[in-house]
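# Fold and contact review
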Amino acid sequence: MSRYVLLISVIILYSTSHAMGSSDDNEIELDKHHNYKDMTQILKAVNKKCPDITRLYSIGKSVQGRALLVLVISDKPDVHEKGEPEFKYVGNMHGNEVVGRELLLNLVQYMCNEYKKGNDTIKYLVNNVRIHVLVSMNPDGYEQAYNTPFPKDYMTGRANVRGVDLNRNFPDFSQIECSTEDSNHLALNRDYAREAVEGLILEPETKAVFEWIMEIPFVISANLHGGDLVANYPYDNTCNGKTREYHECPDDKTFRYIALSYSQNNPAMASSTGCDRSDHFHYGTTNGAEWYSVRGGMQDFNYLASNCMEITLELSCQKFPPPQNLPYYWRMNKNSLLTYIEQVTCGVKGFVNDSSTGAGIPYSRIEVRDIDHYIITAADGDYWRILAPGTYDIRVTSQGYDDSPYKQVTVPDCTAGSAIRLDFLLNQQSKKEIKDELGTMRAILRSLENED
Ligand SMILES: [Zn+2]
């Protein structure tokens, strides 16, 4: 069992007139909205059509018992391949924000079809990334919104059926970051973990995604929303109680870079000034806290609790647009969705191994000088450090080993597969066992559940 498992099993801008128009063979089933039954059928059909590169699995169930289905696309979809990065898209967390859901359903069909046709871009991504797609994180909320007549109400179906906003329901590590300025794997610290979950009731949808984040060594992710048009990056939360103020995270430069990779490839988003034209977005991107402060959001949770760098995408001014607009959204987002996956093949990657045994060393810290945020190696000592173009000094520290010297590396502009390979061999300090601190969050969650 992996140690990750141990740890958690703790744009009205261009509306109808632009939306109508010719469809191409990329728009596979964008003529309607897909309810839970339709969505499930499509996912099963893709899995059947491309069995070698897809796997359908469930990470849990919604309050009303709908499976939270993930379609994974990769050359070896069943396993984490040593050295291959893990990527995720999460759609429809707010049940009435549906453009992302339809785009992801189209994306998985497109990737399956194009792989079969031999499309080089798609083949590269399938062969070199493991892509997990959770089309709907809030299927119950979606059904509520789906069953409401047009024009849709602004709020119906946003929350889960118990009325909880899932993007405010994650353990809030941001307050700890505010007081300590520590942003490093806070879920591994027993005191921090307890503080973040104290009094918090995790909804089943949140809990499922939370465990998924901790189980799989995700590197990059995006959370797809609607109601505005912007790529939003951490932090989402202000420290001083202000409703809006830029809150820079240690990886600010890199987050701005990957957020731009999405916005710049989406013509509508690139020029977006926000749907109410009152926000000052920068080429279609914004720091979350500068836009408006959110506590308990999924984006900050990813960054503060795991290796995963997540941004939040607002894809449409209309949360639940009429179906005839869907092809337009696909055309705006197709290149962005693919370019964003490509980001996971950039930066720096490699392996950390024991110099005497040659074995990979999990849980080693990849540290970048002047960026106070480390990532940790996966089970085989493999790692991926996403970085904006530039020159960096990187070293590795690991319990029981001597620190490696810093190695300098220059990261080029991101193109598919441009990651710089940088391996480290560490010398053992002693034979003492690395203390297994994991399982902490699960133990704390259990103890809190027992107190109820
Ligand atoms: Zn939303």
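For clarity, every value in this text was computed on a predicted model and none was experimentally measured.

## Thoughts on helix 9 (residues 204-215)
With 12 residues, helix 9 extends 16 Å from end C-alpha to end C-alpha; this agrees with the ideal 16 Å at 1.5 Å per step. Among the 12 residues that make up helix 9, nine are buried, leaving the element largely enclosed by the rest of the structure. Looking only at helix 9, the buried set comprises Glu205, Thr206, Ala208, Val209, Phe210, Glu211, Trp212, Ile213 and Met214.

## A closer look at the confidence of the model for the chain
Residue-level pLDDT values for the chain average 91, and 91% of them are 70 or greater. Predicted confidence for residues 1-23 stays below pLDDT 50, and this span has 54 contacts to residues more than four positions away or in other chains. Under a pLDDT of 50 for its full length, residues 432-438 has, in the predicted model, 10 contacts with residues more than four places off or in other chains.

## Observations concerning the domain arrangement of the chain
We note that the domain assignment places domain 1 (3-345) and domain 2 (348-426) within the chain. A straight line from the C-alpha centre of domain 1 to that of domain 2 covers 27 Å. Contact residues are listed per partner, giving 25 residues for domain 1 and 19 residues for domain 2. Among the elements that take part in the side of domain 1 that touches domain 2, helix 10 (residues 252-263) stands out by supplying five residues, more than any other. Looking at the side of domain 1 that touches domain 2 residue by residue, the class counts come to 10 nonpolar, 10 polar and five charged.

## A closer look at unusual backbone geometry
A negative phi angle characterises most non-glycine residues, just as the trans form characterises most peptide bonds. Omega for the bond connecting phenylalanine 150 with proline 151 falls within 30 degrees of zero, at -5°, which places this linkage in the cis form. Mapped onto the elements of the fold, proline 151 is located in the loop between helix 6 (139-146) and helix 7 (174-180). A positive phi angle, close to 45°, is found at histidine 185, a residue other than glycine. Even without a glycine there, the phi angle at tyrosine 363 is positive, about 60°. By secondary structure assignment, the location of tyrosine 363 is in the loop between strand 9 (348-354) and strand 10 (365-368). Using a count of 19 C-beta atoms within 10 Å as the deciding quantity, one classes tyrosine 363 as partly exposed.

## Observations concerning the nonpolar core
By size, the foremost hydrophobic cluster in this structure holds 124 residues, and its most contacted members are Leu71, Leu104, Val108, Met111 and Val133. Every residue in contact with valine 133, bar those within four places of it in the chain, is listed here: Val70, Leu71, Tyr89, Leu104 and Val108.

## Concerning the sheet that holds strand 1 (residues 54-61)
Taken together, the eight strands give an open sheet; going across it, the order is 1-2-4-3-5-8-6-7, and neighbouring strands pair in mixed fashion. Looking at the sheet topology across the chains shown, the edges are occupied by strand 1 and strand 7 (285-287). Between one strand axis and the next, the sheet turns by 25° as a mean value, whatever way the strands run.

## Quick look at the pairing of strand 6 (residues 228-233)
Burial of strand 6 is extensive: six of the six residues sit out of reach of the surface. In this sheet, strand 8 (residues 309-316) lies alongside strand 6 in antiparallel orientation, the contact comprising five bridges. Bridged to asparagine 232 within strand 8 is threonine 312. Looking at chain direction, strand 6 and strand 7 are connected through three bridges and run parallel. Opposite alanine 231, over in strand 7, you have threonine 285 as the bridge partner.

## Notes on the sheet that holds strand 14 (residues 407-411)
Spatially, four strands are ordered 11-10-13-14 in an open sheet, and the strand pairing comes out antiparallel. Strands with a single pairing partner mark the edges of an open sheet, and in this sheet they are strand 11 (371-376) and strand 14. Taken pair by pair, the neighbouring strands of this sheet meet at an average axis angle of 35°, ignoring direction. Across five bridges, the pairing between strand 13 (residues 390-397) and strand 14 is antiparallel. Note on strand 14: the bridge partner recorded for aspartate 393 is glutamine 408.

## So, the packing of helix 4 (residues 99-117) against helix 14 (residues 326-342)
Between helix 4 and helix 14, the least distance of the axes is 10 Å, while the angle of their chain directions is 65°. Judged on the interaxial angle alone, helix 14 and helix 4 are roughly perpendicular. The way helix 4 lies across helix 14 gives a crossing that is right-handed. Where helix 4 abuts helix 14, its residues Val99, Glu102, Leu103, Asn106 and Leu107 lie against Leu326, Tyr329, Trp330, Asn333 and Leu337.

## Concerning the environment of tyrosine 36
Positionally, tyrosine 36 belongs in helix 3 (residues 36-49). When residues no more than four places from it in sequence are discounted, the contact partners of tyrosine 36 are Arg66, Pro139 and Glu143.

Analysis parameters
- Each chain carries its own residue numbering, running from 1 in the written order of its sequence.
- At least 70 in pLDDT is required for a residue's local features to be given in this predicted model, at least 80 for side-chain atom pairs to be given and counted, and no such filter applies to totals for whole chains, interfaces and linings, which use all residues.
- Elements are defined by DSSP. Helices are runs of H or I of four residues or more, strands are runs of E of two residues or more, and each kind is numbered from the N terminus.
- The length a helix should cover is 1.5 Å for every residue beyond the first.
- Burial in this document is a count-based property: other C-beta atoms within 10 Å of a residue's C-beta are tallied, and the residue is buried at 20 or more, exposed at 12 or fewer, or partly exposed in between, with C-beta positions derived from the backbone.
- Every residue carries a pLDDT, the predictor's confidence in it, which falls somewhere between 0 and 100.
- Note on contacts: residues are paired as contacts if their backbone-placed C-beta atoms lie within 7 Å.
- For the purposes of this description, domain bounds are those given by an automatic or database domain assignment.
- The classification used treats Ala, Val, Leu, Ile, Met, Phe, Trp, Tyr, Cys and Pro as nonpolar, Asp, Glu, Lys and Arg as charged, and all other residues, Gly among them, as polar.
- Joining buried Ala, Val, Leu, Ile, Met, Phe, Trp, Tyr and Cys residues through C-beta atoms within 7 Å gives a set, and that set is a nonpolar core.
- Between any two strands, at least two bridges found by DSSP are needed for them to pair.
- Here the axes come from fitting lines to C-alpha atoms, over the contacting stretch only for helices, and the angles between their N-to-C directions go from 0 to 180 degrees.
- Angle categories are assigned with fixed cut-offs, so that under 35 degrees is roughly parallel, over 145 is roughly antiparallel, 65 to 115 is roughly perpendicular, and the rest are oblique.
- Handedness of a crossing is defined here by the sense of rotation of the near helix relative to the far one, left-handed for an anticlockwise turn of less than a right angle and right-handed for a clockwise turn.

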